[in-house]
Amino acid sequence: MKTTPLFALAVIAAATAAAAPAPNTVGAPGKHAQDTCTACHLALDDQRLNTPAKLAEHDIHHNQGVTCAGCHGGDPTSEDATVAMDPARGFKGKFDRQAIPEMCGSCHSDAAFMLRYSPNIPTDQLSQYRTSKHGQALGKGDTNVAVCSSCPGAHGVFQVSDARSPVYPTHIVDTCGRCHADAALMGKYGIKGTEVAEYKQSIHYAALVNKNDLSAPTCKSCHGSHGATPPGVSSVSNVCGTCHVSQRERFDLSPHKDAFAALSQPACESCHSNHAIVHPLDSWIGVGPNQKCGDCHSAGDPGAAAAGTISSALAGASAALSTVQKRVDLVRRAGMLMDEADVKLEDAHQAYIMAQVEIHTVTPSRVEEKTKAVLAGTAAADKLAADAEAEIRYRRAGLFISLCVIALAMVALILKVRSIER
Amino acid sequence: MRILESLWKTLDERLELAPLVEFAEHKVVPQHRHSWAYYFGGLTLFFFMVQVATGILLLLYYRPTAEAAFESVQFIVTRVPFGWLIRSIHSWSANLMILSAFAHMFSVYLLGSYAKPRELTWWSGFLLLLLAMGFGFSGYLLPWNELAFFATRVGTDMVSKVPFIGGWLLKFLRGGEDVTGATLTRFFGFHVAVLPMITTMLIAAHLAFIQRQGMHVPETLEEEAKARKPIRFVPNFMMREGIVWLAGLAALAALAAFFPWELGNKADPFASAPAGIKPEWYFLFMFEALKLLPAHVLGIEGELVGLGAFSLAGLIWFLVPVLDRGSRLGHRSRAFLALGWLALAYIVVFTLASLAGVLK
C-alpha cells in the first residue's frame, strides 16, 4: 500500500490539530465533568447521537472532569448548539479514524498533563502504537486496523483495572478476537485467524478463566498492547521467559540455543507451540511417535540418547512419587497423621518440578541430580509410611489383647453372676 | 484381710457406716422384661468417668490459645505416648455418653418413670443431658480446627436470635463480636471447670434420688415384677452393670483403634467457610429443622420461630411430670406416650437423614 500525498497531509493536519485540550474543556480531576454537550445529546432521539452522552455517565474521562469538548473541541459551557459546536471555537466533530491516535495522544502523551491524574501513569502509548503493526498499517492508510478507540472503546471508557473494561484480562481475548478471529479479514494480512480459538484451548486461557488467575498471559502479555506486534524468532524465548524465568535460563545454557538460532527456529515455540500451549508432558521427551525430540533428532544420535536418559530419570521419579503418595494416603485413611510424610513428599514434588525445568538444559546429569533429590524425598516419606503401618499393626495387636482381657473379665463376671443367682 | 477388717472397724467407729452397708445389702432391683433399661444410666455414668479420666490426661499437654491449641493436640496425637489413644477415647466416649444419655432419657420417658415421686430425678436428668450437650459444644471447639471453628461460629450465632438478650449472650459466649482466641479460652473454662463442677453436683443429686427412691416399675409391669424375684443391688446388679461397662470399654477401645478421631486442618478465621459445615450429630435434628424453615414465618424470622419452638418443646419435655397429670396417680396419659414416640422418631429420622446427606 502506498502512502498518498493526501493521506500524509491528513496525518500532518491531525498532528497539528493534536494539542492539549483548551482549559475550559477540562475540569478538576476526580470531579465528574459538567457540560452542555451531554445535556443536549441526551435529549436527542437519534440513537447515534444520544448513545455517547449516555455512556459519558461512567466514562473515565468524564469522571475525571474531561468534557466532550476535551476531545471534540467547541464550547462546553454554551447552551446554544451553534456556539457550542462552532468550528471557530475549535469544534472538530467526529474524528477521522486516522486522526484518532494523535487526538488521544494529545493528552496521553503529555506527561505534565497526565501527572494530574496519576504520578505513575504511562505516557508512551502513542509512540508504542506507531511501532505496532496496527500503527504502521494506519500510517500507510489502512483504516481497517485497530486504533485507540477499537479496544478500550471510544465513549464509556473504563479503567483497565475495571472488570467491565473490554481490555480487562478476562475480556481482552475476545476484544482482540473481534478482528483477529475473523479469518476473512485476517487473510488479507497473511494471518490465519485461528489464533484466538487456539489460545482458548491453552493452559494459559484455562488459568485465566477457570482459576480466575489474572496474571495468566493474554494476547497483550506476549504481543504488547499499544505496541502490538508478533515477537520475532529471536525474541520468543525473551517473551516466554518474562514469566518462565527458570526455563529460559536453562534454555540459554543448552546447546539448543545456538542450534535453534542457526536454523532460524523459534526457541520455546518449537516444542510448546505458540497460542495453543498445553500442559507439557514427560512423555514428550524422546524420538518416538508423538514425541517432541523426534522432530529434529533420530534414534542413535547423541540427542536421542540424552532424551532417553532424561526420560528414564523422570519416569523413575514420577513412579516413586505416585507409589509413595498412594502408600501415605492409605495410611492416612487408616487414621494416622502423616504431616511429616506430606512435607517430605512436597519437597520431592518440588524437586520433580525442578527436574522438569532442567529438561531445558537437555543435559541428563542436571536432570538426574534433581531426580535423585526426588527419590531421597520419596524414600524418607516411604519410611514414615512404613513406620506408621507398623504403628497400626501395634495398635491393632494391643486392641486385640485388650479385647481378650475385657472379654475374659466379662465371662468371669457372667459366670459369677450365674453362680450367685443360682 | 485383717488389715481391711481393722480399717473398716476404725472407719465404722468414727463414721457409723454400718447403716449404709445394711442399706446396700437390702437394696434390690426389680426384674421384668424391660429391666435392661436400668443399665443405660450407669453406662452414661461410666462414659462420664472415662471423660474425666482422659480429660485430665489431655490437660497435661493441651494449651488453650488460638496460637497453640491445634499444635498441642497435634503434639498429643503424634508425640505423646498413647496420646492418640487418650484423645480418641475422649472424643468417642463423649459421643457414646450422649448417645447413652439419650437412650436413658427415652427409656425413662417411655416407661413413665418420670412420674411422681420421681420428678426431681427427671428434672436433674434433663439438666444433665443439657450439660452433656454443653460439654460437647464447648469441647468441639478446643482442637481449634477448621470444622470446629466454623460450626462454633454458626452455633453461637444462633443465640443472637434470642429476643432482648441475644446480642449480650452472643458476646458472653464468644468473648467478643466473633469467634476468636477469647472464645477458645472461654469455652475451655466452661469445658474443664464450670460444666464439670455443676455436672458433678447434679450427678450426685441424681444418684441420691435414685438410691433413695429405688427403681421405678411401670404400672403395666407391676404384676410381672411381683412374680419375679428381684435381684440384689450389691453385688448382683453391680456385677451385671460391670459387664455392661466392660462392653462399653471394649466398644471404646475398638472405635479408638480402628477409627482414630480426625484432627483436620487448623482453623483460619480469614478463610471462607468450607462447604457442608455441620454441628455434632446430636444437634443435627435441630440444625436440619431450622434449615428447612422459610426465611420468615408470619412476619417473624424463621430461625427465631424455630428456636422458639424448640425452646417450647424442651420446656414441655422438662415439665412432663407436671403436665401428665394422670401419671401422678399411676395412670400415665397415652397422649404423652405418643408424644415420646413421636419425639424419638423425629430425632432419629432427622439425624440419620442428615448423616446420610438426604437433607440438603
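These numbers come from a predicted model, not from an experiment.

Can you explain the overall build of chain B? Please cite residues and give values.
Each helix and strand in chain B was counted, giving 16 helices and four strands. Of all 360 residues assigned to chain B, the portion counted as buried reaches 43%. Of all intrachain contacts in chain B linking residues separated by at least 6 positions in sequence, the fraction that spans at least 24 positions is 75%. When the accessible surface of chain B is summed, it comes to about 19,300 Å², and 71% of that surface belongs to carbon and sulfur atoms.

Could you give me a rundown of the overall build of chain A, with the residues and numbers involved?
The secondary structure content of chain A amounts to 22 helices and zero strands. The 422 residues of chain A split such that 32% are buried.

Pulling in residues and values, what's your account of the nonpolar core?
Buried together is how nonpolar side chains tend to be arranged in soluble globular proteins. Residues B:Tyr62, B:Phe102, B:Tyr109, B:Trp122, B:Trp144 and B:Trp317 are the most contacted members of the largest nonpolar core, which totals 66 residues. With 12 residues, the top contributor of residues to this core is helix H5 (residues 83-110) of chain B. Discounting residues that sit within four places of it in the chain, B:Tyr62 has contacts with B:Ala69, B:Ser72, B:Val73, B:Ile76, B:Leu142, B:Leu184 and B:Phe188. The next biggest cluster of nonpolar side chains, apart from the first, holds 25 residues, and it includes A:Ile285, A:Ile310, A:Val328 and A:Val331.

Hey, could you go over the pattern of salt bridges for me, with residue numbers and the actual values?
One pass over the structure, following the stated rule, counts 28 salt bridges over all chains. A:Arg366 is the salt-bridge partner of A:Glu358, the closest N and O atoms lying 2.9 Å from each other. Between B:Lys266 and B:Glu71 there is a salt bridge, and its shortest N-O distance comes to 3.0 Å. Note that B:Lys266 is positioned in the loop between helix H11 (233-258) and helix H12 (284-292) and B:Glu71 in helix H4 (residues 69-78), a separation of 195 residues in sequence. For B:Lys266, a relative accessible area of 31% translates into the label partly exposed. Three or more residues are tied together by salt bridges with common partners; here these are A:Glu249, A:Arg250, A:Glu358 and A:Arg366.

Give a description of helix H20 (residues 302-333) of chain A that names residues and reports values.
Residues and elements named next belong to chain A. The end-to-end C-alpha separation of H20 is 47 Å, in line with the 46 Å expected for 32 residues at 1.5 Å each. Every buried residue of H20 is accounted for by Ala304, Ala306, Ala307, Ile310, Ala313, Leu314, Ala317, Ala320, Leu321, Val324, Val328 and Val331. Its buried side turned inward, H20 meets helix H21 (339-358) and helix H22 (364-421). Structurally, the start of H20 carries an N-cap: the backbone nitrogen of Gly303 is 3.1 Å from a side-chain oxygen of Asp301. Looking one or two places after H20, you find Gly335, whose phi comes out positive at around 100°.

Any details on the confidence of the model for chain B? Residues and values, ideally.
Residue and element names in this part refer to chain B. In the predicted model, chain B carries a mean pLDDT of 92, and the fraction of residues at 70 or more is 100%. Model confidence for chain B, summarised as mean pLDDT per element, is weakest for helix H15 (residues 325-328) at 84 and strongest for helix H3 (residues 39-59) at 97. Here the predicted complex scores 0.68 on pTM and 0.82 on ipTM.

Which residues make up the interface of chain B and chain A, and what values go with them?
Each partner contributes to the interface: chain B provides 23 residues, whereas chain A provides 20 residues. Buried surface at the junction of chain B and chain A, summed over both partners, amounts to about 1,900 Å²; 74% is from carbon and sulfur atoms. Looking at the side of chain B facing chain A, the largest losses of area belong to B:Met239, B:Ile243 and B:Leu246, adding up to 29% of the total buried there. Notably, a salt bridge pairs B:Arg79 with A:Glu340, separated by 2.8 Å at the nearest N-O pair. In this structure, the connection of chain B to chain A is made through four residue pairs in polar contact (both at pLDDT 80 or more). In terms of residue count, the dominant contributor to the side of chain B that touches chain A is H11(B) (14 residues). Here the residues of the side of chain B that touches chain A are counted per class, giving 17 nonpolar, four polar and two charged.

Give me the lowdown on the packing of aromatic side chains, citing residues and values where you can.
Residue and element names in this part refer to chain B. Under the criterion given, the structure shown has 32 aromatic pairs over all chains. Pairing Phe137 with Phe283 gives two aromatic rings, centres 6.0 Å apart and planes at 80°, and the pair type is edge-to-face. Separated by 146 residues along the polypeptide, Phe137 in helix H6 (residues 119-141) and Phe283 in the loop between H11 and H12 bring together distant segments of the chain. Under the relative-accessibility criterion, Phe283 is labelled buried at 16%. Judged by centre distance (5.8 Å) and plane angle (85°), the rings of Phe285 and Tyr346 are edge-to-face. Of this pair, Phe285 sits in helix H12 while Tyr346 sits in helix H16 (residues 334-355); the two residues are 61 residues apart in sequence, bridging distant segments of the chain. The exposure class of Phe285 is buried, given its relative accessible area of 10%. Following the ring pairs from residue to residue traces out a cluster consisting of Phe137, Trp168, Phe172, Phe187, Phe190, Trp281, Tyr282 and Phe283. Stacked on the ring of Phe172, the Lys or Arg Arg186 has its end atom at 5.9 Å from the ring centre.

With reference to specific residues and values, describe helix H7 (residues 100-108) of chain A.
For H7(A), the tally of buried residues reaches seven of nine residues, placing the bulk of the element in the interior. Taken together, the buried positions of H7(A) are occupied by A:Ile100, A:Pro101, A:Glu102, A:Met103, A:Gly105, A:Ser106 and A:Cys107.

Tell me about the packing of H5(B) against H11(B), and name the residues and values.
All names here are of chain B. Following both chains from N to C, one finds H5 and H11 inclined at 125°, their axes separated by 9 Å at the closest point. Classified by the angle their axes make, H5 and H11 are oblique. The hand of the H5/H11 crossing is right-handed. Each of Trp84, Leu85, Ser88, Ile89, Trp92, Ser93 and Leu96 in H5 lies in contact with H11, whose residues at this interface are Leu252, Leu255, Ala256 and Ala257. Of the residues belonging to the contact of H5 with H11, the class tally is nine nonpolar, two polar and no charged.

Explain the environment of B:Lys27 to me, using residue names and the numbers behind them.
Residues and elements named next belong to chain B. Looking at the secondary structure, you find Lys27 in the loop between helix H2 (18-26) and strand S1 (28-29). Under the relative-accessibility criterion, Lys27 is labelled buried at 8%. A C-alpha to C-alpha distance of 8.7 Å links Lys27 and Ile231, two positions 204 residues apart in sequence. Each residue touching Lys27, except ones within four places of it in the same chain, is listed here: Ile210, Gln211, Gly214, Ile231, Arg232 and Phe233. Only 3.4 Å separates the side chain of Lys27 from the side chain of Gln211, close enough to count as a polar contact.

Residues and numbers for a nonpolar patch on the surface, please.
Residues and elements named next belong to chain B. On the surface, a cluster of nonpolar side chains totalling about 460 Å² of accessible area is made up of Leu312, Leu315, Ile316, Val322, Leu323 and Leu339. Among the elements of the structure, helix H13 (302-318) and helix H14 (320-323) are those that each provide at least two residues to the nonpolar patch. It is H13 that contributes the most residues to the nonpolar patch, three residues altogether. Among the secondary structure elements, Leu323 is positioned in helix H14.

Quick one: what's the story with unusual backbone geometry, residue by residue and with numbers?
Residue and element names in this part refer to chain B. Between Lys116 and the following residue, Pro117, the backbone shows a cis peptide bond with an omega angle of 15°. Following the sequence through the fold, Pro117 ends up in the loop between H5 and H6. Note the cis peptide between Val234 and Pro235, where omega equals 5°. The residue Phe164 is not glycine, and still its phi comes out positive at about 70°. Topologically, Phe164 is positioned in the loop between helix H7 (146-159) and helix H8 (166-174). Of note, Leu298 is a non-glycine position whose phi angle comes to about 50°, a positive value.

Give a description of the packing of H4(B) against H5(B) that names residues and reports values.
Relative to each other, H4(B) and H5(B) sit at 115°, their axes nearing to 5 Å. Contacts between H4(B) and H5(B) involve B:Val73, B:Ile76 and B:Val77 on the former and, on the latter, B:Gly83, B:Trp84 and B:Arg87.

Cut-offs and rules
- Residues numbered from 1 in each chain as written.
- Chains lettered and ligands numbered in written order.
- Predicted model: local features only at pLDDT ≥ 70, side-chain atom pairs only at ≥ 80, totals over all residues.
- Heavy atoms only, no water.
- Helix = DSSP H or I, 4+ residues; strand = E, 2+ residues; numbered from the N terminus.
- Buried < 20%, exposed > 50% of the residue type's maximum accessible area, 1.4 Å probe, protein only.
- Contact = heavy atoms within 4.5 Å.
- Areas by Shrake-Rupley, 256 points an atom, 1.4 Å probe, with all protein chains shown as cover.
- Core = buried A, V, L, I, M, F, W, Y, C linked by side-chain atoms within 4.5 Å.
- Salt bridge = Lys/Arg side-chain N within 4 Å of Asp/Glu carboxyl O.
- Expected span 1.5 Å × (residues − 1).
- Polar contact = N/O pair within 3.5 Å; in protein donor to acceptor, adjacent residues only side chain to side chain.
- pLDDT = per-residue confidence, 0-100.
- Buried area = accessible area lost by both parts, 1.4 Å probe.
- Nonpolar A, V, L, I, M, F, W, Y, C, P; charged D, E, K, R; others polar.
- Phe/Tyr/Trp six-rings, centres within 6.5 Å; stacked < 30°, edge-to-face > 60°.
- Lys NZ or Arg CZ within 6 Å of the ring centre and 35° of its normal.
- Axes fitted to C-alpha atoms, helices over the stretch in contact; angles between N-to-C directions.
- Parallel < 35°, antiparallel > 145°, perpendicular 65-115°, else oblique.
- Left-handed = near helix turned anticlockwise from the far one by under 90°.
- Patch = residues over 30% accessible without salt bridge, like charges linked within 9 Å, V, L, I, M, F, W, Y side chains within 5 Å.

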